[in-house]
Amino acid sequence: MWWLVSLILLSIGFLLFLKQSRISQIAYLDQKSWSVVYLPKKVIHRVEINKIIDYQLFMIVYFEGALTKVAIIWFDQLPLQYWKKLKVLQKLH
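Residues numbered from 1 in each chain as written. Predicted model: local features only at pLDDT ≥ 70, side-chain atom pairs only at ≥ 80, totals over all residues. Heavy atoms only, no water.

Caption draft 1: Representation of the pairing of strand β2 (residues 33-39). Of all seven residues that make up β2, six are buried, and the element is covered over most of its length. Bridging between strand β1 (residues 22-30) and β2 involves seven bridges; their strand directions are antiparallel. Across the sheet, Asp30 pairs through a bridge with Ser33, a residue of β2. Two successive antiparallel strands, β1 and β2, enclose a turn made up of two residues, where Gln31 displays a positive phi of approximately 45°. Pairing of β2 with strand β3 (residues 44-54) involves five bridges; the strand directions are antiparallel. Looking across to β3, one finds that Ser35 is bridged to Arg46. (Buried < 20%, exposed > 50% of the residue type's maximum accessible area, 1.4 Å probe, protein only. Helix = DSSP H or I, 4+ residues; strand = E, 2+ residues; numbered from the N terminus. Pairing = 2+ DSSP bridges.)

This is the structure we're talking about:
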């Protein structure tokens, strides 16, 4: 009985997780302004980066004025040159 309840709750949690907005593209505009495209609507939003925290294997980027307030970027999601640029950006913030 408890396994069935747990499985149902996990399924509901997973479906809610899939419905969240996810970032598909991000591009630098000027100063602190960035443009972000979220899935599934593919509408471009203008946001500002508040803070970037580097944990070596991944970085957490905090946005202001965005649908998703936090983005987690793993090192294997980007080519090495972009990962290095993101590390430099983190040091500047």
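Next comes the rest of the write-up.
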